[in-house]
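# Chains, contacts and geometry: an overview
These are the residues of each chain, in order.
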Amino acid sequence: MKLHLTGDVSQVKKGLKQLLKELDIELSEEGHRIQVIQKEGPLSVKNNHGKSEIVFQEKIHFFRGFGLWLEHFYAEKDFNLVEYPQFTMQGAMLDASRNAVMTVDGIKKLLRKIAMIGLNTLMVYTEDTYTVKEYPYFGYMRGRYTEEELRECDQYAANLGIEMIPCIQTLAHLTEALKWNYAIPIRDTADILLAGSKATYTFLEHLIEAASRPFQSKRIHIGMDEAHQLGLGKYLDVHGYEKRFDIMNKHLQEVTAITERKKLKPMIWSDMYFRLGSKHGGYYDLESDIPESVISSIPDAQLVYWDYYHDDEQFYRTFIQKHKALKDNPVFAGGVWTWNGISPNYGKAFATTEAALRACKKEKVKEIFVTMWGDNGAETPMMTALPVLQLFAEHAYHETFSEAHLQKRFQFCAGANFDDFMLFNQLDETPGVNKDNLQTSNPSKLLLWQDILIGLYDENIKNLPLNKHYELLTAKLEQAAKRNTDWSLLFHFYQQLSHVLSIKAELGRQIKELYDKQDRSKLQTIIPVLEEVKERVDTMRKIHRTLWFSINKPFGWEIIEIRYGGVLTRIDTVMYRLNQYIEGEISKIGELEEERLYFEGPYPMQAGSLGRNLYHRIVTAGNLS
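Rules and cut-offs
- Residues numbered from 1 in each chain as written.
- Predicted model: local features only at pLDDT ≥ 70, side-chain atom pairs only at ≥ 80, totals over all residues.
- Heavy atoms only, no water.
- Helix = DSSP H or I, 4+ residues; strand = E, 2+ residues; numbered from the N terminus.
- Rg over C-alpha atoms; globule rule 2.2 N^0.38 Å.
- Buried < 20%, exposed > 50% of the residue type's maximum accessible area, 1.4 Å probe, protein only.
- Contact = heavy atoms within 4.5 Å.
- Areas by Shrake-Rupley, 256 points an atom, 1.4 Å probe, with all protein chains shown as cover.
- Lys, Arg positive; Asp, Glu negative; His and termini not counted.
- Charge placed at Lys NZ, Arg CZ, Asp CG, Glu CD.
- Expected span 1.5 Å × (residues − 1).
- Pairing = 2+ DSSP bridges.
- Patch = residues over 30% accessible without salt bridge, like charges linked within 9 Å, V, L, I, M, F, W, Y side chains within 5 Å.
- Salt bridge = Lys/Arg side-chain N within 4 Å of Asp/Glu carboxyl O.
- Phe/Tyr/Trp six-rings, centres within 6.5 Å; stacked < 30°, edge-to-face > 60°.
- Lys NZ or Arg CZ within 6 Å of the ring centre and 35° of its normal.
- Disulfide = S-S within 2.5 Å.
- Axes fitted to C-alpha atoms, helices over the stretch in contact; angles between N-to-C directions.
- Parallel < 35°, antiparallel > 145°, perpendicular 65-115°, else oblique.
- Left-handed = near helix turned anticlockwise from the far one by under 90°.
- Nonpolar A, V, L, I, M, F, W, Y, C, P; charged D, E, K, R; others polar.
- Polar contact = N/O pair within 3.5 Å; in protein donor to acceptor, adjacent residues only side chain to side chain.
- Core = buried A, V, L, I, M, F, W, Y, C linked by side-chain atoms within 4.5 Å.

## Digging into the overall build of the chain
For the chain, the count of helices and strands is 23 helices and 14 strands. Computed over the C-alpha atoms, the radius of gyration of the chain is 26 Å, within 12% of the 25 Å expected from 2.2 N^0.38 for a compact globule of 625 residues. For the chain, the C-alpha atoms occupy an extent of roughly 85 × 70 × 45 Å along the three principal directions. By residue count, 59% of the 625 residues in the chain fall in the buried class. Considering only contacts within the chain whose residues lie at least 6 apart along the sequence, 76% involve residues at least 24 apart. Looking at the chain as shown, the accessible area adds up to about 25400 Å², and 50% of this sits on carbon and sulfur atoms. For the chain, the centre of its 75 positive side-chain charges and the centre of its 84 negative side-chain charges are spaced 3 Å apart.

Dropping the structure here:
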């Protein structure tokens, strides 16, 4: 389509050029004329009898409006739409610290998507995946960004009206950064910096300088969350026991002194204050008691309330009020649940987001963002976050909206069918799992990685028709891949995962049952099934590899490939051991002699869940180190 934009277009020209190819749009004086007007007030787009107009206040509003205009022009011709932005900041946070480090081109693709849906902020969470020249081992072989790469992303974002804010850690969550010998003098525990040390603050000065320098923004997220053992390692040896409230505040004062010298405006995760005030160390403890002396001494840093667990609007309202009692103007951070396992948990993400953002509007929170974590290896491709990003965006521009509205917007902005994306949910919302998977069960991960002979989760899936569930899902995903050609690689990946699980899910239980009956002849028929599983897993590995390298740096893929390699080589051993048993070379298979127990741990199993765990607890009851 050819378009001719007139009026206030000077500040959006560069961003438009970044979008035109993807939208199949050409700017030409011969094209359909759209008057562009920038002024304070709501976002307005219209086309009446051939006369078109986009009225916007902020640059990001123009790009959302441009998408709205195109969507409705293709479908309706005449329309007049008005939207009222609900927040001053509505953004996303991309995890680049759990193996997957998105390439510059990958970030640019994400920026184009979030510009069209109207998000105005992107944080890239980097624990050690950015370059600090004074510390060559910081982020070594982890895919760290160079200053030039981050600056390129920042400028690309700025053209689209998106502020990129550096997001780092300055206290805990630094296991990978602190594992090298250079960090011995500044290490309290394996993942926490030594507070109160001059060497620590020299280190942090270099980190904050390196992290902030590539960006135009003066805001910076300095972390400070989940420092559970604060003051209990080397700090305890050096200083003796001190109240951790005091350690936290003194450390934060030192770090904010650095940001103040650099004229930066910091924000921190808020949980440590609530944890330290809780009798049992819980973040979401409604009885948490934070002394007034601590509150009055909290340094000048904006608090970020992160919560992607509750589906009760009133809980969010209460906790927002508790944050306001500590400091004005808290930021809210929700979650897309890309970290559940190998597939996204849309049920949990939608339930928590709806409750949280309704509460944010009622409590007049002005800034929100949504986290795209990649816990335990970033097995879930980050672009699966798009439906939840769309949900956040629609909340950001409407007081209320319909599901049909959300689906139509997603169809245009993502170029995909909403219901087809929701099929990914069924990889974990299986028989035995409650609707919407609010207990965050992750059977697709458990069943893919678990060992066929050891089968730690076999008792949990007893009498559940999982093979049939995945067989039916495979057929649905195959059809969805044909309907969503722009996302065919993503759909083929999940189709192949489902294809693997349609025979592997119950295979361990089948083998155990035949072994208990000493039915060697039927065990013989399992050998070709194992060959088939091996072939399907290797096909999945190759699809996953292509998908990974299409958007991420190579670093971190080795972890995922080692996991695939473990499945493949263990299948070889299963066939070897079964053949030995069938031929009478051995009289027993030790793993199959063991009674299968229900998997319980590391926390109580809740009803409506088959289990949720990390890779090292799925594959073995031993110590994977």
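## Describing helix α13 (residues 386-397)
In this model, α13 (12 residues) spans 17 Å end to end at C-alpha, consistent with the 16 Å of a helix rising 1.5 Å per residue. Most of α13 sits inside the fold, with 12 of its 12 residues counted as buried. Listing the buried residues of α13 in full gives Leu386, Pro387, Val388, Leu389, Gln390, Leu391, Phe392, Ala393, Glu394, His395, Ala396 and Tyr397.

## Some thoughts on the pairing of strand β4 (residues 43-48)
Alignment of β4 against strand β6 (residues 79-83), held across five bridges, turns out to be antiparallel. The partner of asparagine 47 across the bridge, within β6, is phenylalanine 79. Counting the residues between successive antiparallel strands, the hairpin from β4 to strand β5 (residues 51-56) contains two residues, one of them, histidine 49, with a positive phi of roughly 55°.

## Description of a nonpolar patch on the surface
Together, Tyr137, Tyr140 and Met141 make up an exposed nonpolar region whose accessible area comes to about 330 Å². In this structure, tyrosine 137 sits in the loop between β8 (121-125) and α4 (147-159).

## Looking at the pattern of salt bridges
Inspection of every chain in the model, using the stated rule, returns 44 salt bridges. Note that glutamate 354 is salt-bridged to arginine 358, the shortest N-O span being 3.8 Å. Here the residue glutamate 354 and the residue arginine 358 both occupy positions in helix α12 (residues 346-362), the gap between them amounting to four residues, near one helical turn. Where lysine 542 meets aspartate 538, a salt bridge forms, and the shortest distance between an N and an O atom there is 3.5 Å. A residue pair is termed a helical-turn pair when its members lie 3 or 4 positions apart in one helix, as lysine 542 and aspartate 538 do in helix α20 (residues 520-549) at four residues. The partly exposed category is assigned to lysine 542, whose relative accessible area is 40%.

## Focus on the packing of aromatic side chains
The full count for this structure, using the stated rule, is 51 aromatic pairs. Ring centres of tyrosine 137 and tryptophan 180 lie 5.1 Å apart, and the angle between their planes is 45°; on these two criteria the pair is classed as tilted. Taken as a pair, tyrosine 137 in the loop between β8 and α4 and tryptophan 180 in the loop between α5 (175-178) and α6 (198-212) lie far apart in primary sequence, 43 residues in all. The class for tyrosine 137 is partly exposed, based on a relative accessible area of 42%. Taking the relative accessible area as the measure of exposure, tryptophan 180 reaches 25% and is therefore partly exposed. Positioned above the aromatic ring of phenylalanine 73 is the side chain of lysine 77, whose terminal nitrogen or guanidinium carbon lies 4.4 Å from the ring centre.

## Overview of the sheet that holds β4
Judged by pairing direction, the sheet is mixed, and its six strands sit side by side in the order β2-β1-β3-β5-β4-β6 without closing on themselves. Here the strands that pair on one side only, and so sit at the sheet edges, are β2 (26-27) and β6. The pairing of strand β3 (residues 32-38) with β5 spans five bridges and is parallel. Paired with isoleucine 34 across the two strands is serine 52, which belongs to β5.

## Some words on the state of the cysteines
By definition, a disulfide links two cysteine residues through a covalent bond between their sulfur atoms. Counting across every chain of the model gives zero disulfides. Between cysteine 167, a free cysteine, and cysteine 153, which holds the nearest cysteine sulfur, the sulfur-to-sulfur gap is 15 Å. Exposure remark for cysteine 167: the relative accessible area of 0% places this residue in the buried category. Considering cysteine sulfurs only, cysteine 167 is the nearest to cysteine 360, which forms no disulfide, with 18 Å between them.

## As for the packing of α12 against α13
Running from N to C, α12 and α13 cross one another at 15°; their axes reach a closest spacing of 10 Å. Compared by their axis directions, α12 and α13 come out roughly parallel. Two packed elements cross with a definite hand, and for α12 against α13 that hand is right-handed. Taken together, the residues of α13 that come into contact with α12 (itself represented by Tyr346, Ala349, Phe350, Thr353, Glu354, Leu357 and Lys361) are Pro387, Val388, Leu391, Phe392 and His395. Its residues assigned to classes, the contact of α12 with α13 comprises eight nonpolar, two polar and two charged.

## Brief notes about the side chain of glutamate 313
As for its placement among the helices and strands, glutamate 313 is situated in helix α11 (residues 313-326). Reaching out from glutamate 313, the side chain makes a polar contact with the side chain of lysine 362 at a distance of 2.6 Å. Once residues lying within four places of it in the same chain are set aside, the contact partners of glutamate 313 are Ala355, Arg358, Ala359 and Lys362.

## Brief notes about unusual backbone geometry
Residue proline 602 follows glycine 601 across a cis peptide bond; omega there is 0°. Among the secondary structure elements, proline 602 is positioned in the loop between α22 (590-593) and α23 (615-618). Although it is not a glycine, lysine 263 adopts a positive phi angle of roughly 60°. As for its placement among the helices and strands, lysine 263 is situated in the loop between α8 (244-261) and β11 (265-269). Its identity as a non-glycine residue notwithstanding, alanine 378 has a phi of 55°, on the positive side. Since its relative accessible area comes to 8%, alanine 378 is described here as buried.

## Structural notes on the nonpolar core
Within the largest apolar cluster, 220 residues are counted, with the highest numbers of intra-cluster contacts made by Phe62, Phe66, Leu122, Leu389, Phe421, Leu530 and Leu578. Once residues within four sequence positions are removed from consideration, leucine 530 is found in contact with Ile452, Leu507, Ile571, Val574, Met575 and Leu578.

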